[in-house]
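Understanding the architecture of this molecule
If you want the building blocks of each chain, they are given just below.
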Amino acid sequence: MDRLNIGLIGAGNHAKKVHYPSLSVMEDVNLVAVCSRTIEKAENTAKKYGIPRVYTNFREMIDKERLDAVYVITQPEDLTSIALYCFSKGKNVFMEKPPGISLEETKKMAETAEKNLCKTMVGFNRRFMPIMIETKKIFASRKTAVNLCVGEFYRGRRAEPTDTVLIKNTIHAVDTLRSLGGDVSKVVSSLETVEGDYGHIFRVLFWFENGARGVLIASYVSGKNVERYGINSRDVYAFIDAPKEAEIHFKGEPEPLVLSGEKLAGTRERYKLEGFYQESRHFIECIKNDEEPETSLQDSVKTMKLIETILRAS
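Definitions and limits used
Residues numbered from 1 in each chain as written. Predicted model: local features only at pLDDT ≥ 70, side-chain atom pairs only at ≥ 80, totals over all residues. Heavy atoms only, no water. Salt bridge = Lys/Arg side-chain N within 4 Å of Asp/Glu carboxyl O. Buried < 20%, exposed > 50% of the residue type's maximum accessible area, 1.4 Å probe, protein only. Helix = DSSP H or I, 4+ residues; strand = E, 2+ residues; numbered from the N terminus.

Focus on the pattern of salt bridges
- Within the structure shown, the criterion is met by 26 salt bridges.
- Residue Arg268 pairs with Glu262 through a salt bridge whose shortest N-O separation is 3.8 Å.
- Judged by its relative accessible area of 35%, Glu262 is partly exposed.
- Each of Arg127, Asp175, Arg178, Asp183, Glu294, Asp299 and Lys302 takes part in salt bridges that share partners, so that together they form one network.

A few points about unusual backbone geometry
- With an omega of -10 degrees, the peptide bond running from Lys97 to Pro98 counts as cis.
- On the secondary structure map, Pro98 appears in the loop between β5 (92–96) and α5 (103–115).
- Cis geometry is found at the peptide bond from Ala242 to Pro243, where omega equals 0 degrees.
- Locating Pro243 in the fold gives a position in the loop between β12 (236–241) and β13 (245–250).
- With phi around 50 degrees, Lys143 is a residue other than glycine that occupies positive phi space.
- Looking at where Lys143 falls in the secondary structure, it is placed in the loop between α6 (130–141) and β7 (148–154).
- One non-glycine residue with positive phi stands out, namely Asp290, at about 55 degrees.
- Within the secondary structure, Asp290 is located in the loop between α10 (276–289) and α11 (297–313).

Put into structure tokens, the structure is as follows:
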């Protein structure tokens, strides 16, 4: 399988900023079709990236095209029905987070994909940020176990209820902490709304099965978008200002190692700096080598279970 034929469903701003640029520079990928509800969006995107065919009906695209994989970059409310149709036709699927709007939807997609032998990947791009990958490599090379990880996730006000912002946005930080600490055995959380109906603040404590602990603080009444992670072990401490920079402090050494996200990515382009290119590269390689993607639907069920646990525990 030298080149994969890819069809994309969705031509919105996010898809055009990160997913089309990522795939269009890969030499082992053919972008063969794009589908959007709006024909103008589909045609404009196809023209920009040299995609030969456009559709406004995703079922028609799936039925007519010979596709090795489908990218579903839509609103989460639309995702499940599209993905299930793709799986029924035996298509591998990359989807944006969240993987549906409930745990039950995620489970249904995971079960259907497995039944039809389809590979899946959910776009938890933080795991694939160059700054995050390099930091985790350093911890692994020192053979030092993480005992505490802390996440800060701050955004401006969103006119959505607490469960929606947790599932659609804060899920990035929840998944990142799970990727750092492992599976979770216990959660204590406090969710409250201040300054009107949508000033949500989340405080969550995690007990990981391996004995490590985690803390998440998220706010939707912030004057600045912030995403930071602290990773601690006996011998190493890392502070990550995602996706730009990380400071790695080693026990007994006076000066930290400073990592630059731009240098690691080789560019300041968002689609590589923030891990979108890298996650797609991972998905493509998994299809070619018949391997399970790191953030498959089966793995993402664990993150969605954690989201529901946080809501119930608050």
